[in-house]
Amino acid sequence: MSAAENRRQVLYWRMLGRLFEADEQMSLESASVAIVDDIGLPPALLDPGVSVDNLVQRHPELAAEFEGLLANETAAGDGLEVRRAALVSKLLINVFNTGHGNVSATQLSNWQADAGWFEKALGLDPGELRGKPNAGGLGGVLGGIEGDLIKRMHLREVLANPALAKQLTPSMSLIEQLLRDKSNLSGVALANAKALIRKFVDEVAAVLRTQVQQTSVGEIDRSVPPKRVFRNLDIERTIWKNLTNWSPEDERLYVDRLFYKQTAKRTTPAKLIVVVDQSGSMVNAMVNCTILASIFAGLPKVDVHLIAYDTRALDLTPWVHDPFEVLLRTKLGGGNDGPVAMAMAQPKITDPRNTVMVWISDFYEFDRSQPLFDMIQSVYRSGVKFIPVGSVGSGGEQSVNPWFRQRFKDLGTPVLSGHVRKLVSELKSFLA
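The name given to the chain in an unreviewed UniProt entry is VWA domain-containing protein, with the source organism recorded as Dactylosporangium vinaceum.

Rendered as C-alpha cells:
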C-alpha cells in the first residue's frame, strides 16, 4: 500500500469513527491533523463545529473544490486523492453526524447550509436533492435528519426570541412543525412563526411560478379564421404551398397565396378543483398544491376551487389566491373521510369535460374505501379529468393504499408521485 493510500485510509477511518463512535480516536485525530497540515489544508477542516460556510469564508479557494466534489472523477495524482478524501470527510461528518440533545437555531441553520454544500458537491443546486425525496434515497435521508434536528429544538422558546427566530432557515420540516404547533403559539412567537411560513410560501411560489408561467389557457379554435396580419404569417407553409411557382429561369419563387397561423383561443373557462387530505404526513402535498392552486387561480379563464379535509371538509376557495392564509386555516393530523370531501366537491362540477379534479391523499380510507372509489369512478365517467396524487411527507416517504393504486390504474388514471413537477405537467396539458 502506498503512502497516499495509507493517508486516505486514515482520513476515512477517522470519518467512520466520528459517524459511528461516541468517543474520539486520538491516534486517528492526531494522524489526520498531520496529514491535513502536510497537504496544505486548514486545521479547521477537521473541526465538526466549523460549518462548511465558515470554512469557505475563511478560505475562499476551497469553494471551487467542494462544488462537484462527489460528482466528478478524482483527479490523477496521489496528493489530489488525499486532498479529496479530506474534503469528502468534512462534508459527510458535518451532514450526517448531528449528535444528540437539544439543537439551537444556529445549529439548524448551519446544518441546512452544510446540506446545501453536500448537494452542490453532488452537482446539484442547494435544496434540490431535498426537493426530490426519492432520488436514490438520499433526499429522504436528508429530510429525516432535518426533521429530527427540528424536533430536538425548543422551537417555542426560539420563536419567542426575535434574534433566534431570525436565524431559522425556512424548510418543509420546519413549516410542518409550525403548522402542527400554531394553535399553541401566541404573541411574538406566533408572529415569528407566521413570518417564517410566509417566507417559505413565497420562496416555493417563486419556484413553482417559473414552471407554469408559460402555460397558455385554452385550445386553438379552428373555427375562427386567422387574422391576416404580418405577425401571423406562416412563412414555412407559404413557401411549401407555392413551390410549384418556382421559376428556374428567374431563380425566383412567385407567391400567389399567403397562409396565416390560427391564434384564436377558445374562451370557455377551465375549472380546477383541488382536494387535499390534511390528515397524517400530508404537509409536503398540502404546501405545494395549495401554492400551485393559487398560481393557477391567477391565470385568466381558470376557475380554481380548493377543499381540504380530515373527518370534515373545509372549502378554502375564498382564500385560494393567498396560500399563506390557506395554510393558517389547515389543521394537520387526525382521521380522514374522503366521501365527505367528495360530497362538497361534486356540486362544483358544472361542465365535466372542462373540469380537472386533483385529489391529493394516501387514500387510506378503510371502511370508506369502496364508497369513495364509487364516487370517484362516477366523477371520472362523467367526463372529468381526475388526477390522483400520492402523499409525500417531509421525510420523503411515500405511502399510497395499494387497493386504491390498483383500481386507479385499472380506471386509466394511475397515481402520480407526490413530486409537484409531474402535477404541473398534467395540469399544463389540460389547460394548454
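Text resumes after the structure shown.
*Asks:* Tell me what's going on with the overall build of the chain, and back it up with residues and numbers.
*Replies:* A count of helical and extended segments in the chain gives 18 helices and seven strands. Within the chain, the fraction of its 432 residues that count as buried is 47%. Here the analysis covers contacts within the chain between residues at least 6 apart in sequence; of these, 72% occur between residues at least 24 apart. Carbon and sulfur atoms provide 52% of the accessible area of the chain, an area that totals close to 21,400 Å².

*Asks:* Would you mind going over unusual backbone geometry in detail, with residue names and values included?
*Replies:* The phi dihedral of glutamate 251 falls on the positive side, at around 55 degrees, and the residue is not glycine. Of note, glutamate 251 is situated in the loop between β1 (246-247) and β2 (252-253). Positive phi outside glycine occurs at phenylalanine 366, with the angle close to 55 degrees. When you line up the elements, phenylalanine 366 lands in the loop between β6 (355-361) and α16 (369-381).

*Asks:* How would you sum up a positive patch on the surface? Please name residues and give values.
*Replies:* A surface patch of like charges, here positive, comprises Arg228, Arg237, Lys241 and Arg257. When you line up the elements, arginine 257 lands in the loop between β2 and β3 (270-277). The exposure class of arginine 257 is exposed, given its relative accessible area of 53%.

*Asks:* Hey, could you go over the pattern of salt bridges for me, with residue numbers and the actual values?
*Replies:* Overall, the coordinates contain 14 salt bridges when judged by the stated rule. Here arginine 18 ties to glutamate 29 by a salt bridge, and the two come within 3.1 Å at their closest N and O atoms. Of this pair, arginine 18 sits in helix α1 (residues 3-20) while glutamate 29 sits in helix α2 (residues 26-38), and the two are eleven residues apart along the sequence. As far as the burial class goes, arginine 18 and glutamate 29 line up, both buried. Residue lysine 271 is joined to aspartate 303 by a salt bridge in which the shortest nitrogen-to-oxygen separation is 3.9 Å. Note that lysine 271 is positioned in strand β3 and aspartate 303 in strand β4 (residues 302-309), a separation of 32 residues in sequence. What makes lysine 271 buried here is its relative accessible area of 12%. Look at aspartate 303 and you get partly exposed, because its relative accessible area is 33%. Each member of the salt-bridge network shares a partner with another, and the members are Asp337, Glu365, Asp367 and Arg368.

*Asks:* Lay out α2 with the relevant residues and their values.
*Replies:* The first and last C-alpha atoms of α2 sit 18 Å apart over 13 residues, in line with the 18 Å expected at 1.5 Å per residue. Every buried residue belonging to α2 is among Glu29, Ser32, Ile35 and Val36, and all of these are buried. Projected onto a plane normal to the axis of α2, the buried residues spread over an arc of 130 degrees and lie on a single side. The exposed set on the far side of α2, more than 90 degrees from its buried face, consists of Met26, Ser27 and Asp37. Following α2 by one or two positions, glycine 40 has its phi on the positive side, about 85 degrees.

*Asks:* Any chance you could break down a nonpolar patch on the surface for me, citing the residues and the numbers?
*Replies:* Where nonpolar side chains cluster on the molecular surface, the patch consists of Ile235, Ile239, Trp240 and Leu243 and spans about 440 Å² of accessible area. Considering the arrangement of structural elements, one finds isoleucine 235 in helix α12 (residues 235-241).

*Asks:* Explain the packing of aromatic side chains to me, and be specific about the residues and the numbers.
*Replies:* Summed over the entire model, instances satisfying the criterion amount to 13 aromatic pairs. Seen in terms of ring centroids, phenylalanine 96 and phenylalanine 118 are 5.5 Å apart; in terms of plane orientation they differ by 90 degrees. Their pairing is edge-to-face. Here phenylalanine 96 is found in helix α5 (residues 78-96), whereas its partner phenylalanine 118 is found in helix α6 (residues 105-121), with 22 residues between them in sequence. The class for phenylalanine 96 is partly exposed, based on a relative accessible area of 27%. What makes phenylalanine 118 buried here is its relative accessible area of 4%. Following the ring pairs from residue to residue traces out a cluster consisting of Tyr309, Trp359, Phe363, Phe373, Phe386, Trp403, Phe404 and Phe408. Just above the ring of tryptophan 117 sits the side chain of lysine 120; from NZ or CZ to the centre is 3.6 Å.

*Asks:* Residues and numbers for the confidence of the model for the chain, please.
*Replies:* Mean pLDDT over the chain works out to 81, with 84% of the residues at or above the 70 mark. With pLDDT under 50 throughout, residues 392-397 is counted as low confidence; its partners more than four residues away or in other chains account for 21 contacts.

*Asks:* Talk me through the nonpolar core; I want residue IDs and the actual numbers.
*Replies:* Among the nonpolar cores identified, the biggest contains 91 residues, and Phe66, Leu168 and Val358 are the most heavily contacted of them. At ten residues, the largest contribution of residues to this core is made by helix α13 (residues 283-297). Residue contacts for leucine 168: discarding those within four places in its chain leaves Ala105, Leu108, Met153, Leu155, Val158, Leu159, Leu174 and Leu196. By size, the runner-up hydrophobic cluster in this structure holds 24 residues, among which are Ile273, Val384, Phe386 and Leu411.

What counts and how
- Residues numbered from 1 in each chain as written.
- Predicted model: local features only at pLDDT ≥ 70, side-chain atom pairs only at ≥ 80, totals over all residues.
- Heavy atoms only, no water.
- Helix = DSSP H or I, 4+ residues; strand = E, 2+ residues; numbered from the N terminus.
- Buried < 20%, exposed > 50% of the residue type's maximum accessible area, 1.4 Å probe, protein only.
- Contact = heavy atoms within 4.5 Å.
- Areas by Shrake-Rupley, 256 points an atom, 1.4 Å probe, with all protein chains shown as cover.
- Patch = residues over 30% accessible without salt bridge, like charges linked within 9 Å, V, L, I, M, F, W, Y side chains within 5 Å.
- Salt bridge = Lys/Arg side-chain N within 4 Å of Asp/Glu carboxyl O.
- Lys, Arg positive; Asp, Glu negative; His and termini not counted.
- Charge placed at Lys NZ, Arg CZ, Asp CG, Glu CD.
- Expected span 1.5 Å × (residues − 1).
- Arc of directions from axis to C-beta.
- Phe/Tyr/Trp six-rings, centres within 6.5 Å; stacked < 30°, edge-to-face > 60°.
- Lys NZ or Arg CZ within 6 Å of the ring centre and 35° of its normal.
- pLDDT = per-residue confidence, 0-100.
- Core = buried A, V, L, I, M, F, W, Y, C linked by side-chain atoms within 4.5 Å.

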